[in-house]
Amino acid sequence: MNGPEDDLSAEQVREHREAMIALGRRLPQTTLADTATQLQTAELRAPAVGAPMVIDTDIGGDADDALALVAAARHSRELALVITADETGPDHRAPHPAGRGYGQRARFARYLLDVVGRGDIAVAAGATTGHTDYFCVEDLIPATVAPAPGGRDAVLAAVAELAGRCDGPIRWVGMAPLSNLAEVCDHLPEIAGRLQVTQMGGAIHYRRPERAEHNIRLDVDAARRVLAAVADGRLAKPRFVLSDTTFTDQIAVHATHPLHRRLAGRAESWAVLLEGHLQRWYRDHHDSTLQHDALTLSAALGLPFVRSATARIAMDDIGRWSIPDASDAGGAAGTGLRVSRSADYPAFMAWLEHALDPATPAAAGTVDLSGAGARAGAGVVSGAGVRRPA
Ligand SMILES: [Ca+2]
């Protein structure tokens, strides 16, 4: 990675601050003690705990999206909206109640959220390239699950509706191609300015150097529009959890993995559904699933497993990423992004296994958003309150 900025997370800044204050207390009447007093009285903006969360997902193919969605739905009361990308079927004006027409990912998301007890979370079906080749759960969706609202305007309306119900930042967790995020940047710039984006995707040293990473490759134009929004200030610097960090067997789940076995042994309908999804993924595609998206979710939740730093990133015509030479364009080539550098895989997997263990009580339950606002307003968290419906 280039650049001197080894960014600290908000949590690390908080820890440094507290260490300095403690040190100052031990050394009264010194310059350090004065600094400690100043630090103690200075306001430190709290992280966006309590900020509503949007998940943008291509759920229903690789099972990592579904595992991440259930972890979020069970344990994050702030999850408020799920939108889908790389949807099935060519045309949002022809949604199908069943089969392989448009909107099947959104129908699966709707059903999964319902069985996990989160009927309060809205779902909208988003972008499609007209031909997706990785969808394996059609037979798991009951015919009674109605199509979600679909198409670009439905996505923008759902995002605007959420933004209108709250103040301050909105967390956006991208687990799919960047198509929907690009539409928000281009058509809802005021809302884009409130987004704190954590996106799975991009790669510096991709395992297949002749092509771009999956989430970038499937909609290179959208990735370009998002980078342009970062460059011109419409979107705050997003954090990308790179394939370089996520593509490792250390976060693989396969049929004999404890996480899978624990799901397989339970009768809860969401556990049965996830288990069926995993089996179909192994059968149709690969004998394991890497937890790219749950690792990305963990970063968005403020958990400490992913370490990131700022780097300038350039993208070529087919979506491949690189770090430009520092001398290019006087050192200003590329776009400044936070990108993952490493992760604590064992600690992350321990967290995920716990979050998805049916024996672990769900922390979120079925909630209405006004609860998040009440919690945010109670502490030092600023700007994250969710307005109660009038
Ligand atoms: Ca995904």
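Above this text is the structure in question.
First, a word on scope: everything that follows refers to the structure included in this document. (Residues numbered from 1 in each chain as written. Predicted model: local features only at pLDDT ≥ 70, side-chain atom pairs only at ≥ 80, totals over all residues.)

Let's talk about the nonpolar core
In a soluble, globular protein the nonpolar side chains are often hidden away together inside.
Working step 1: Counting 101 residues, the largest nonpolar core has V54, L69, V70, A71, L112 and V226 as its most contacted members.
Working step 2: With 8 residues, helix α3 (residues 64-75) is the largest single contributor of residues to this core.
Working step 3: Residues within four places of V70 in sequence aside, it is in contact with L112, V116, W270, L274 and L356. (Core = buried A, V, L, I, M, F, W, Y, C linked by C-beta atoms within 7 Å. Buried ≥ 20, exposed ≤ 12 C-beta atoms within 10 Å, placed from the backbone. Helix = DSSP H or I, 4+ residues; strand = E, 2+ residues; numbered from the N terminus. Contact = placed C-beta atoms within 7 Å.)

Details of helix α14 (residues 345-355)
Working step 1: Buried within α14 are the following residues: F348, M349, W351, L352 and A355. One side of α14 carries all its buried residues, which in axial view fall inside an arc of 160°. Along α14, the residues that are exposed and aim more than 90 degrees away from the buried face are P346 and A350. (Arc of directions from axis to C-beta.)

Examining the sheet that holds strand β6 (residues 239-241)
Working step 1: Spatially, 9 strands are ordered β3-β2-β1-β4-β5-β6-β11-β9-β10 in an open sheet, and the strand pairing comes out mixed. Because the sheet does not close on itself, it has two edges, and the strands there are β3 (122-124) and β10 (321-322).
Working step 2: Across 2 bridges, β6 lies against strand β11 (residues 335-343) in parallel orientation. Bridge pairing links R239 to R338 in β11.
Working step 3: The strands touched by helix α5 (residues 152-164) are β1 (53-57), β2 (79-84), β3 and β4 (170-175); relative to β2, the strand with the most contacts, the crossing angle is about 170°. (Pairing = 2+ DSSP bridges. Axes fitted to C-alpha atoms, helices over the stretch in contact; angles between N-to-C directions.)

Brief notes about the packing of α3 against helix α12 (residues 269-284)
Working step 1: Following both chains from N to C, one finds α3 and α12 inclined at 160°, their axes separated by 10 Å at the closest point. What the angle tells us is that α3 and α12 run roughly antiparallel. Both α3 and α12 take part in a crossing whose hand is left-handed. Facing A66, L67 and V70 of α3, the residues of α12 in contact are W270, L274 and H277.
Working step 2: Along the lines of polarity and charge, the residues of the contact of α3 with α12 split into 5 nonpolar, 1 polar and no charged. (Parallel < 35°, antiparallel > 145°, perpendicular 65-115°, else oblique. Left-handed = near helix turned anticlockwise from the far one by under 90°. Nonpolar A, V, L, I, M, F, W, Y, C, P; charged D, E, K, R; others polar.)

Some remarks on the pairing of strand β5 (residues 195-200)
Working step 1: The buried count for β5 comes to 6 of 6 residues, which makes it a mostly enclosed element.
Working step 2: Here β5 shows two buried faces, one formed by L195, V197 and Q199 and the other by Q196, T198 and M200.
Working step 3: The pairing of β4 with β5 spans 5 bridges and is parallel. Across the sheet, R171 pairs through a bridge with Q196, a residue of β5.
Working step 4: Taken together, the 3 bridges between β5 and β6 define a ladder with parallel strand orientation. In the strand pairing of β6, T198 is matched with R239.

Points about the environment of A182
Working step 1: Considering the arrangement of structural elements, one finds A182 in helix α6 (residues 179-187).
Working step 2: Leave out the neighbours within four places in its chain, and A182 touches A222, R225 and V226.

Comments concerning helix α13 (residues 292-300)
Working step 1: Here α13 lies mainly inside the structure; 9 of its 9 residues are buried.
Working step 2: Those residues of α13 that sit buried are H292, D293, A294, L295, T296, L297, S298, A299 and A300.
Working step 3: Of the residues one or two after α13, G302 is the one with positive phi, at around 85°.

Thoughts on unusual backbone geometry
Working step 1: You will see that D86, though not glycine, has its phi angle at about 45°, which is positive.
Working step 2: Residue class for D86 comes out buried when judged on the 26 C-beta atoms lying within 10 Å of it.

With respect to the environment of A343
Working step 1: Within the fold, A343 resides in strand β11.
Working step 2: When the C-alpha atoms of A343 and V241 are compared, they prove to be 9.7 Å apart, with 102 residues separating the residues in sequence.
Working step 3: Filtering out sequence-adjacent residues up to four positions away, A343 remains in contact with T245, L295, F305, V306, R307 and F348.

Take it as geometry only, folks, not as evidence of what the structure does.
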